[in-house]
Amino acid sequence: MAEDVKPTRKNLMAIEDRIQLSERGHDTLEQKRDGLIMEFMDILDQAQDVRSELNGNYETAQTKLNMARAMEGDVAVRGAAAALKEHPEITTQSKNIMGVVVPQIESSKVRKSLDERGYGLLGSSARIDEAADAYEELLETIILAAEVETAMKKMLKEIETTKRRVNALEFKLLPELYENQEYIEQKLEEQEREEIFRLKKIKNKKEEEEAEEEKEAEEEAEAEEAEADAESETEETVSADD
């Protein structure tokens, strides 16, 4: 409440400093929010492309797998899968987007040659190779999707946090500061008018007192002059009688 603030020039200067700081913070947060939204839209477009690619790769991989099962049998497909010795490796790093730390996922040993798959030329067939290729591609897309989806969620969370800060400054803190500033300025103006009025009264009273003193002094001087004239006339009369 504005009434809770003491209307002093010191408090007015402090509030003006807070207003300047809050306005700069508001502008900075608005720029950050707009930048985050632009980055988020780019990531959203990428996420939509990755989701579409992921769905397509999943359907292709399932089709290839079903074809391998139909042509080679479940035993051969399971045997080829069990022969895998080296599994994919995933490492995570981080990158900064507009102050938001998002993961950067890197993978290795996802794509493999026939020898690296472990089942060799004799234990394989074209159908199983095609299914393996399709699932390796699917796995790469899943890793990319995980990176993009996580980045999108973090960006969205930061956007909401920044929006709340902007709204808190714009609709709560700054209006309160403006109200306090206006209240103190009005009170100081009232105090200034009252002080001017008080000084005028003092000045008028002093002028009246000076005028009264001057009048009394003039009257006293006139009285003394009249008394002196009377004495002079008396002496002249006495001299004439003699």
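Position numbers for residues start from 1 in each chain and track the written sequence from start to end. At least 70 in pLDDT is required for a residue's local features to be given in this predicted model, at least 80 for side-chain atom pairs to be given and counted, and no such filter applies to totals for whole chains, interfaces and linings, which use all residues. Calculation of side-chain values draws on the structure's entire complement of heavy atoms; hydrogens and water are dropped beforehand.

- The name given to the chain in an unreviewed UniProt entry is A-type ATP synthase subunit D, with the source organism recorded as Halobellus clavatus.
- Taken verbatim from the UniProt record of the chain, the Subunit (unreviewed entry) comment is "Has multiple subunits with at least A(3), B(3), C, D, E, F, H, I and proteolipid K(x)." UniProt positions are given in the numbering used here, feature names are shortened, and annotations may be inferred rather than shown by experiment.

1. Quick look at the pattern of salt bridges
Then step 1. Note on definitions: salt bridges are taken to be side-chain nitrogens of Lys or Arg within 4 Å of carboxyl oxygens of Asp or Glu. Under the criterion given, the structure shown has 10 salt bridges.
Then step 2. Ionic pairing is found between Lys64 and Glu130, a salt bridge with its closest N-O pair at 3.7 Å. With a gap of 66 residues between them, Lys64 in helix 1 (residues 9–72) and Glu130 in helix 4 (residues 126–241) connect regions that are remote in the sequence.
Then step 3. Among the residues examined, Lys64 registers a relative accessible area of 30% and is labelled partly exposed.
Then step 4. Burial classes follow relative accessibility: with a 1.4 Å probe on protein chains only, a residue under 20% of its type's maximum area counts as buried, one over 50% as exposed, and anything between as partly exposed. Here Glu130 falls in the partly exposed class, since its relative accessible area comes to 33%.
Then step 5. A salt bridge links Lys172 to Glu176, with the shortest nitrogen-to-oxygen separation between them at 3.3 Å. Placement of both Lys172 and Glu176 in helix 4 is noted, with a separation of 4 residues, approximately one turn of the helix.
Then step 6. A residue is classified by how much of its surface remains accessible, and Lys172, at 52% relative accessible area, is exposed.
Then step 7. Overall, the relative accessible area of 37% leaves Glu176 in the partly exposed class. Each helix is a run of DSSP H or I of at least 4 residues and each strand a run of E of at least 2, with the numbering of both proceeding from the N terminus.

2. Structural notes on the confidence of the model for the chain
It should be kept in mind that the predicted coordinates are not to be read in detail where pLDDT is low.
Then step 1. Predictor confidence is given residue by residue as pLDDT, running from a minimum of 0 to a maximum of 100. Of all residues in the chain, 88% attain a pLDDT of 70 or more, and the chain-wide mean is 85.
Then step 2. When mean pLDDT is compared element by element in the chain, helix 1 scores highest at 93, while helix 3 (residues 114–117) scores lowest at 69.

3. Side note on the pairing of strand 2 (residues 100–108)
Then step 1. When DSSP finds two or more bridges between two strands, those strands count as paired. As judged from the 9 bridges shared by strand 1 (residues 89–97) and strand 2, these two strands associate in the antiparallel manner. Residue pairing for strand 2: Gln93 is matched across the bridge by Gln104.
Then step 2. If you look at the hairpin formed by strand 1 and strand 2, you'll find 2 residues sitting between the two strands, and Met98 has a positive phi there, around 55°.

4. Remarks on the environment of Lys64
Then step 1. Along the backbone, Lys64 and Ile128 are 64 residues apart, and their C-alpha atoms lie at a distance of 8.0 Å.
Then step 2. With near-sequence residues (within four places) excluded, Lys64 lies in contact with Arg127, Glu130, Ala131 and Ala134. We call two residues in contact whenever any of their non-hydrogen atoms come within 4.5 Å of each other.

5. Points about the environment of Gly25
Then step 1. Note that Gly25 resides in helix 1.
Then step 2. Considering only alpha carbons, one finds Gly25 and Val166, 141 residues apart in sequence, at a separation of 8.6 Å.

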